[in-house]
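The chain contents come next:
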Amino acid sequence: MAVLLGADAARAFTPAAAATRRPSEGSVHSWDLSTGVDGPGTRFVTFLSGCPLSCLYCHNPDTWKMRGGTRTPADAVIAEAAKYRRFIAASGGGATVSGGEPLLQPVFAGELLHRMKHELGLHTALDTSGFLGVRATDALLRDVDLVLLDIKSWDRETYRRVTGRPLRPTLDFAQRLAGLGKEVHLRFVLVPGLTDARENIEGVASFAAALGNVSRVDVLPFHRLGEGKWRALGMDFTLHDTPSPDAEQVAAAKEVFAARGLTAI
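Presented here is a report on the structure given in the accompanying data block. (Residues numbered from 1 in each chain as written. Predicted model: local features only at pLDDT ≥ 70, side-chain atom pairs only at ≥ 80, totals over all residues. Heavy atoms only, no water.)

## Some thoughts on the layout of surface pockets
The probe, sized like a water molecule, is rolled over the atoms to show the empty space still left.
(1) Moving on: Of the pockets and cavities examined, the largest pocket occupies roughly 970 Å³.
(2) Moving on: When residues of the lining of the largest pocket are traced back to their parent elements, those giving at least two are strand 1 (25-35), strand 2 (42-48), strand 5 (123-128), strand 6 (146-150), strand 7 (184-190) and strand 8 (214-221).
(3) Moving on: A per-class count over the lining of the largest pocket returns 17 nonpolar, 13 polar and nine charged. (1 Å grid on protein atoms, 1.4 Å probe; cavity = no way out; pocket = protein on both sides within 12 Å on 5 of 7 lines; lining within 4 Å. Points joined across faces, edges and corners; volume = space filled by probe spheres on them. Helix = DSSP H or I, 4+ residues; strand = E, 2+ residues; numbered from the N terminus. Nonpolar A, V, L, I, M, F, W, Y, C, P; charged D, E, K, R; others polar.)

## Some thoughts on the pattern of salt bridges
(1) Moving on: Scanning the entire structure with this criterion turns up 15 salt bridges.
(2) Moving on: With a closest N to O distance of 2.8 Å, Asp218 and Arg216 form a salt bridge.
(3) Moving on: Look at Asp218 and you get buried, because its relative accessible area is 9%.
(4) Moving on: As a salt-bridge pair, Arg231 and Glu227 come within 2.9 Å of each other at their nearest N and O atoms. You can see Arg231 and its partner Glu227 sitting in helix 10 (residues 227-232), four residues apart, about one turn around the helix.
(5) Moving on: Exposure remark for Arg231: the relative accessible area of 61% places this residue in the exposed category.
(6) Moving on: Through salt bridges with shared partners, a single ionic network connects Asp75, Glu111, Arg115 and Glu119. (Salt bridge = Lys/Arg side-chain N within 4 Å of Asp/Glu carboxyl O. Buried < 20%, exposed > 50% of the residue type's maximum accessible area, 1.4 Å probe, protein only.)

In short, the description is geometric, and any link to function would need to be established separately.
The following block contains the structure:
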């Protein structure tokens, strides 16, 4: 029987290795360092390609197709993140696996999260719509310190209009995370004329408050910064005439969450 030593031994027990008997590779759109938008502190963010949703306001439609990414070994991503490990750790930051939708590639995402946490010692975050939450195994979630969960609407028809998909899988995943006691930052995009109805915001807020594991809500004002990408891809950006919400509208939405005891940023 072969004896594994050092990094080979550690890698043999990763979720990806358990499934494939070798380090995984996946379709990667890009990676970057960010501060304040992808979890606490400075983060090494890996953007995976492929997404089952087609959100009307997506600012990265170039991540929708998995074949649009670059096949990349997990080793290469980990090696890149390792360059910034001390700087990231000093900032109280960590590593975030995002997309696209990372759970479209659960084995690869699991490999990255496991190794970021156990090899590099970084705080880990999973950025997801929750639509493919059933693909996140308990083993994968054990390697996640924080879930950045998008709930794009409470009204089912609006949710389908925004994303092209049903809401129920996201709610089921949110409840599963609550049962596991997994910390969640919930994110809600405020789009005038689409998601800004008070009863819609109240529905999201009441659901989030009942979970008991939502430590923060990010109310994100809609913007049209991704419109140029849509045009470059030959896609019709149907919200081109939709304005960004003003400060009063954003404050009013935050107050709905705050009234239910949630910290709204």
